[in-house]
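# Working through the structure, step by step
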Amino acid sequence: MGVVESIGEFGSQNVNAGEEVKDDDAEPMGGGARERESGDSGVMEGMMPEEILKRVFTKDEEAYEAYKEFGKYHGFGVRKGDCKRDEFGNVTSRRFFCNREGLREAKYYNRVDRVRAHKAETRTNCQAKFSIFLDKTESVWRMRKIDNNHNHELTPHGMVHLIPKYRSMTVAAKDQINGLNQCGISTAKAVRYMAGMAGGYPLVGFLKKDAYNYVDKKRRESIADGDAEAAIAYLEGKTEADPMAMAVYNMTEDGMLGNLFWADGRSRLDYQYFGDVLAFDSTYKKNKYNRPLVIFSGANNHKQTTIFGFGVVMDETIASYTWLLEKLLEVMCGRQPSVVVTDGDESMRKAICEVFPSATHRLCAWHFEKNVTSNVKEVALRERFNRCLFWDMTVDEFLMEWSNTVEEFGLEESLWANQVFYKKEMWVNAYLREKFCACIRTTSRCEGVNAIAKNFLQSKGTLLELVQNLELMVKDYSNNELLAQFRTIDGIPVMTTSLESLERDAAETYTKAVFGDVRLEIERVAVVNLVRLGRSLTTKIYTLEDYGFSGRNVIVLFDINMGMMKCSCGRWCKNGYPCRHMFFVMKSEHLKQIPRHLILKRWTRDAKSLDEYVEKTKDNGDRSFLLCHGALHTASQWLFFLGAQKFHLYEKAMKTIRELCAELERECAHGQGGTPLNPRGVVRDPNVAKTKGAPKYSKRIHNKRLCTECKNTGHNKRKCPDVKRIPKKKVLYDGAFEYDELEEAEMLWSKYEFEGDM
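Residues numbered from 1 in each chain as written. Predicted model: local features only at pLDDT ≥ 70, side-chain atom pairs only at ≥ 80, totals over all residues. Heavy atoms only, no water.

### Concerning the packing of aromatic side chains
In the structure shown here, the tally under the stated rule is 22 aromatic pairs. Relative to W427, the ring of F385 lies with its centre 6.2 Å away and its plane at 40°, an arrangement referred to as tilted. Linking F385 in helix α11 (residues 379–390) with W427 in the loop between α13 (415–422) and α14 (429–432), this pair joins segments that are 42 residues apart in sequence. In this pair, the class of F385 matches that of W427, namely buried. The ring centre of W391 lies 5.2 Å from the NZ or CZ of R387, which sits over that ring. Here R602 stacks its cationic end above the ring of W603, 4.8 Å away from the centre of that ring. (Phe/Tyr/Trp six-rings, centres within 6.5 Å; stacked < 30°, edge-to-face > 60°. Helix = DSSP H or I, 4+ residues; strand = E, 2+ residues; numbered from the N terminus. Buried < 20%, exposed > 50% of the residue type's maximum accessible area, 1.4 Å probe, protein only. Lys NZ or Arg CZ within 6 Å of the ring centre and 35° of its normal.)

Structure follows, in structure tokens:
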């Protein structure tokens, strides 16, 4: 189709360029090359030119939407052009253009301060347009002219959805992405899910980049007052729903956030039950400030990882770790752990010695073994270190083993070997064999937490997102603990050993995970032999040995009156449940139950009450609350179905739900005065860390810019006094606008003058 226009405001239509439009020969717009998309209303593809010129619109925006559909069908983008107004300021005519109309201004090509590369050309001065005017007699908009002659190739039909004008995120799409992000699902996965539901990426309506831009905009809005300020305000606001939640922080001299520690009520409660063994690591940096994230964790009664709290520190120095451990001790009501497991960082070691002087600092066995591998090349020497690290030996045996190793391999002058020996109490099993460590001998639990945190955290994430996503991770761990407790109380294990009474008592006492280890010790009673039996007053002395370890005696003391029992192997002190030697004595004494003093409560199924596994609510014990909740949930399903039928119904339902929620929140909060927050100053954000990789451009050598003409400071080449100037000229552009000639052209003209003078 060429150029079609109407004569005057009303009348017959004619075709420019000498073409005559006939009803029989007129080709529908688009030439039938593409099928008309179903569901589109008010589009003009496939219509005769005369039919298009007869179209009327109630609003100019309606005409613009029709032209958008027309351009989408033919494969070009559209944009709004100029308009005319009457003496009262009302728009009387408007033009819409192809998005390639016009040319890029020359000043953008000659920028001397350009850093980025030029963008691809998208303007070709295309003359295709769509003109409408206001028919004041009938108050409708009529078409005046259609020009569909393009001087560029049209976009293929399969790529039209990539044109920016035809990409938009609906309210429903934004709400869906918000909901998925709040559940810890990344934006990329959310878009992938939506594409699968829509039937492909072309049918989603927007690109992944558009989703990222929207999420980034929402992120900036959420931290409008500052990222650190928003994160602290969020943590303080959590105390209304969780009164036991706490957060402490400090600031630098210039008002920026220094260190931050926080823990919710469940984590603080778990620390009181299972905080005897503490493990933490700070190797995970997942925020745009590159601040080290410290995760404090331990093991619960199901031998699962439980999280005690989080910390974000300025750096990995002694001062930062000391502050963090002091605040941990303060938040956890002053309870100190008995064992602390770390990867051997020197700053951590000194901070632990200062804050937890009575705690045993244990080095991660995996990190120590890796250290040995990197510093020792002899395979035989590595085996000696591994024996000291894992074998069950006494302190005297270790000292003798070390002395022989030093003499054999000539390690007397080795600085590394002397440093390792200096820390022997932190890694040698002979010194740690009677230290209860809750089955934690490495920081692998911390590494496991870090691996799971990868699903929630991003390297460019804000502090607010860090806090919110870690909260989701804690809920996952809490749900795993709830599931393990359910599996423990739901069902009775099958008895498989010959000591059925002791096995049944263990099954009723310990959790399912710990019971598996206890039953294994009962089974190993078969490898224990009695060497001799002695007696001293009311105490029986059992001298035992394990099968295959003849001459390596183990002594068990059993008080007949008190029922007390103690074994020299030290496994009860290390593991927290009876060893095979103790079960051998129980069998010999015909005990039906495990002595109560040998049962460590932290391993039992009753370590926590059942109510503490469930998130607390104010009406937790009210049956009417549960009934009302179920009834509301059932009734809302029909609302969801109806609201999803059409978009205007969705908007109406969403608006009503939000208004109703706000009203109910006001009524629930009526008469409940919140705890006023402590007055504080605004916390500034930390400095954003630079990303990895080579710099995009070299750093400037001089503090001040130099003129490229005279090499002096204080001006640039545009204002250089050594360059001759010519008067600026005025030119007309398209008969409508006026602009000055480019200054780059003036300088070029001046250079020509200089060359001519020479």
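### So, a nonpolar patch on the surface
There is a patch of nonpolar side chains on the surface, built from W638, F641 and L642 and spanning about 340 Å² of accessible area. Relative to the helices and strands, L642 resides in helix α21 (residues 623–643). For L642, a relative accessible area of 38% puts it in the partly exposed group. (Patch = residues over 30% accessible without salt bridge, like charges linked within 9 Å, V, L, I, M, F, W, Y side chains within 5 Å. Areas by Shrake-Rupley, 256 points an atom, 1.4 Å probe, with all protein chains shown as cover. Salt bridge = Lys/Arg side-chain N within 4 Å of Asp/Glu carboxyl O.)

### Digging into the pairing of strand β7 (residues 140–147)
Along β7, six of the eight residues are buried, which leaves the element largely enclosed by surrounding structure. As paired elements, strand β3 (residues 56–57) and β7 share two bridges and run antiparallel to each other. Opposite F57, over in β7, you have W141 as the bridge partner. Sheet topology places strand β6 (residues 129–135) next to β7; seven bridges connect them, and they run antiparallel. Of the residues in β7, the one forming a bridge with D135 is V140. As consecutive antiparallel partners, β6 and β7 are separated by four residues, and within that stretch S139 has a phi angle of approximately 55°, a positive value. (Pairing = 2+ DSSP bridges.)

### Examining the nonpolar core
In this structure, Y510, V518, M565, F583, M586 and I594 are the most contacted members of the largest nonpolar core, which totals 40 residues. Elements with a contribution of two residues or more to this core: β10 (277–284), β13 (339–342), α17 (500–509), α18 (512–523), β16 (539–546), β17 (553–559), β18 (565–567) and α20 (580–588). Ranked by residues supplied to this core, first place goes to α20 with five residues. Setting aside residues no more than four positions away along its own chain, F583 makes contact with L502, V518, E521, I522, V525, P578 and I594. Of all hydrophobic cores here, the second largest spans 27 residues; its members include F308, V313, W323 and V355. (Core = buried A, V, L, I, M, F, W, Y, C linked by side-chain atoms within 4.5 Å. Contact = heavy atoms within 4.5 Å.)

### A short note on the packing of helix α4 (residues 187–198) against helix α5 (residues 208–222)
Any two packed helices are characterised by how steeply their axes cross, that is the angle between the axes, and by the distance between the axes. Orientation of α4 relative to α5, taken along the N-to-C sense of each, is 130°, at an axis distance of 10 Å. By the angle between their directions, the pair α4 and α5 is classed as oblique. Here α4 and α5 pass one another in a crossing that is right-handed. Between α4 and α5, the contacting residues are T187, A188 and V191 on the first element and K208, A211, Y212 and V215 on the second. Here the residues of the contact of α4 with α5 sort into five nonpolar, one polar and one charged. (Axes fitted to C-alpha atoms, helices over the stretch in contact; angles between N-to-C directions. Parallel < 35°, antiparallel > 145°, perpendicular 65-115°, else oblique. Left-handed = near helix turned anticlockwise from the far one by under 90°. Nonpolar A, V, L, I, M, F, W, Y, C, P; charged D, E, K, R; others polar.)

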